[in-house]
Every structure is written in C-alpha cells, then in structure tokens.
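Architecture at a glance
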Amino acid sequence: MAKAKLPPAPPATAQECGEGGAVFASTGPAGHRKRMRQRVLAHGAQGLADYELLEMLLFYGVPRRDTKPMAKDLINQFGSFSAVLESGAARLHSAGVPKGAAALCAHVPEVAAHLVQDDRAGRTYMGDWDSLVRHCHTVLQAEEAPQMRVLLLDSRNTLLVDEPLVWPAPDPEAVRQAVAHVLQRALEVQACAVVSVYLAANGQDVGAILQAGMPFVTAMRQAAPLLAVSLHDHLVVGRAEWVSARQMVADW
C-alpha cells in the first residue's frame with residue numbers, strides 16, 4: 001500500500017530561526033516571476049503568503065530580477081509584512097528597495113484605508129434618534145404596511161441589512177423562532193446591534209401593537225447579549241406617530 005505523502009513543512013517562525021529573531025532562516029533560493037504570475041492568474045492572490053504578496057509588489061519596481069530574497073529580507077529587517085508597508089518610502093529605500101517600489105509599498109496602507117472609508121461611507125448611519133426615525137419615515141414609508149422589519153447594524157451603528165421579518169404569533173415557540181432567526185442573520189452579516197421596526201397600517205393603535213410585541217422584545221434582550229449582539233430598540237411606526245420600547249422600559 002502506498003504511503004500517504006506528508007504535507008510540506010510550514011515556513012520557519014521567528015522562534016525557530018535562532019537568537020536573531022529573523023522570520024526566515026534563508027532568503028533563497030531564487031524564485032521565478034513567471035511561475036508566480038501564472039499561479040495568481042490561475043488561483044488568485046488569496047492563498048499567497050505575506051512574503052509572496054510583498055514579492056509581487058516589488059515586481060513593479062524591480063524589473064527582471066527575482067524579488068523573493070528581497071521580500072524575505074525586508075520582513076526579516078522590519079519584523080512583519082505590515083511593518084514593511086507601514087515603514088514609509090524613505091526607510092524602504094534605505095533598506096535597499098528601489099524608489100519606485102518603495103513608493104508603491106508605502107502607498108498600500110493609504111489605499112486600504114480609503115477602501116474601508118468608502119465602504120463605510122456607502123452605509124446609512126443609525127447611531128441617534130434623528131437618523132433612525134428619518135430612515136423609518138423615508139425609506140420604510142414606501143414599504144407595505146403592516147410589516148415587521150429588522151435593521152442590523154455594525155459596531156459603528158451603520159446599517160448592514162434592512163429586511164422583513166415574519167411577525168411572531170403571540171405564543172412562546174413562535175417568539176423563540178423569530179428571535180433565533182434574527183440572531184442567526186446578525187451572525188451571518190457580523191452585526192453588532194439590532195433595531196426591530198413594526199410598520200403600522202393606517203388606523204392601527206401603535207401603543208397596543210407595542211404592548212403586543214413586548215414578549216419578542218423581552219426574549220431578544222435576554223438572548224442577544226449571549227452572542228455579543230445588542231438590541232438597541234423596538235419601534236412601532238405609524239404614518240403620523242411612533243413609539244419606542246426603549247423609552248417605555250425603565251430598566252433598559
């Protein structure tokens with residue numbers, strides 16, 4: 001019977017590299033740019049090691065030369081991939097990186113920061129009463145009523161998901177299932193907070209609807225913290241008025 005092949009040994013860690021604390025015990029042998037490009041084209045860059053990502057960044061400023069030894073040497077000098085990128089163009093150039101490649105590497109953290117900011121800028125902020133009520137009276141006003149909505153927020157109280165929720169029947173099992181569904185969705189989108197909103201139809205008593213929804217609110221308040229999720233509020237919103245469970249519950 002043929003023996004199963006062992007997986008390749010992982011890269012040496014700093015602890016394995018002796019007293020100098022270098023990440024890599026050796027920066028050779030020479031690599032192959034063409035093979036690296038073909039690998040990325042075939043499988044994408046998500047499977048690359050840190051030194052391989054740095055190696056590819058250096059391609060554009062170090063023509064016709066294997067950049068693997070330089071990439072490993074830089075990580076050895078600065079301590080990590082992120083430390084290399086955050087060291088600045090001048091320090092990279094002093095460490096032997098050509099000016100063009102040093103400038104490109106130094107700009108990567110700035111580009112990454114702008115991408116994160118752009119992603120947040122496209123989301124709706126819901127961190128105060130005005131923004132929350134504005135969303136209910138503008139965006140949600142166009143939705144069919146009566147209807148239950150669940151708003152899932154990130155750690156900065158910006159909106160990740162706004163979607164309908166089947167309003168539970170007034171029995172414990174239906175309430176439990178509704179709470180489980182909301183928390184499962186929160187985990188799926190990595191939400192940190194929840195706001196539930198009941199859109200009342202014309203003529204409905206918003207106060208009575210709020211009281212009818214308190215079993216759901218109570219169950220959510222008990223279960224959500226177990227998963228590091230916060231229930232910010234439960235609102236009932238009519239055409240001309242709205243009520244808040246948070247304002248009605250003294251010990252919220």
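Here is what the cut-offs are and how they apply
Residues numbered from 1 in each chain as written. Predicted model: local features only at pLDDT ≥ 70, side-chain atom pairs only at ≥ 80, totals over all residues. Heavy atoms only, no water. Helix = DSSP H or I, 4+ residues; strand = E, 2+ residues; numbered from the N terminus. Buried < 20%, exposed > 50% of the residue type's maximum accessible area, 1.4 Å probe, protein only. Contact = heavy atoms within 4.5 Å. 1 Å grid on protein atoms, 1.4 Å probe; cavity = no way out; pocket = protein on both sides within 12 Å on 5 of 7 lines; lining within 4 Å. Points joined across faces, edges and corners; volume = space filled by probe spheres on them. Nonpolar A, V, L, I, M, F, W, Y, C, P; charged D, E, K, R; others polar. Pairing = 2+ DSSP bridges. Polar contact = N/O pair within 3.5 Å; in protein donor to acceptor, adjacent residues only side chain to side chain. Axes fitted to C-alpha atoms, helices over the stretch in contact; angles between N-to-C directions.

A tally of helices and strands in the chain yields 11 helices and five strands. A buried classification covers 38% of the 252 residues belonging to the chain. In the chain, 60% of the contacts between residues at least 6 apart in sequence involve partners at least 24 apart.

Before going further, it helps to spend a moment on the layout of surface pockets. Of the volumes computed, that of the largest pocket is approximately 170 Å³. Lining the largest pocket, in full, are Met126, Gly127, Asp128, Trp129, Leu132, Asn157, Val195, His232, Asp233 and Arg246. Looking at the lining of the largest pocket, the elements with two or more residues in it are α7 (129-138) and β4 (230-237). Classifying every residue of the lining of the largest pocket by side-chain character gives four nonpolar, three polar and three charged.

This part covers the pairing of strand β3 (residues 193-199). Most of β3 sits inside the fold, with seven of its seven residues counted as buried. Neither face of β3 is left uncovered, since the one carrying Ala193, Val195, Val197 and Leu199 and the one carrying Val194, Ser196 and Tyr198 both have all their residues buried. Across seven bridges, strand β1 (residues 147-153) lies against β3 in antiparallel orientation. Residue Leu153 lies in a different strand from β3, and its bridge partner there is Ala193. Bridge count between β3 and β4: seven bridges; the pairing is parallel. By the bridge assignment, Val194 is partnered in β4 with Leu231.

Burial in α7 covers these residues: Ser131, Leu132, Val133, His135 and Cys136. In this structure, the buried side of α7 is in contact with β1, β2 (159-165), β3, β4 and β5 (242-244). For α7, the capping residue at the N-terminal end is Asp128, with a side-chain oxygen 3.3 Å from the backbone nitrogen of Asp130.

With mixed pairing, five strands are arranged side by side in an open sheet as β2-β1-β3-β4-β5. Only two strands of the sheet have a single neighbouring strand rather than two, namely β2 and β5. This sheet shows a mean twist of 20° between the axes of neighbouring strands, independent of strand direction. In the sheet, β4 pairs with β5 via three bridges, with the strands oriented antiparallel. Residue Val236 lies in a different strand from β5, and its bridge partner there is Val243. Sheet contacts for helix α8 (residues 172-188): β1, β2 and β3; angle to β2, the most-contacted strand, approximately 155°.

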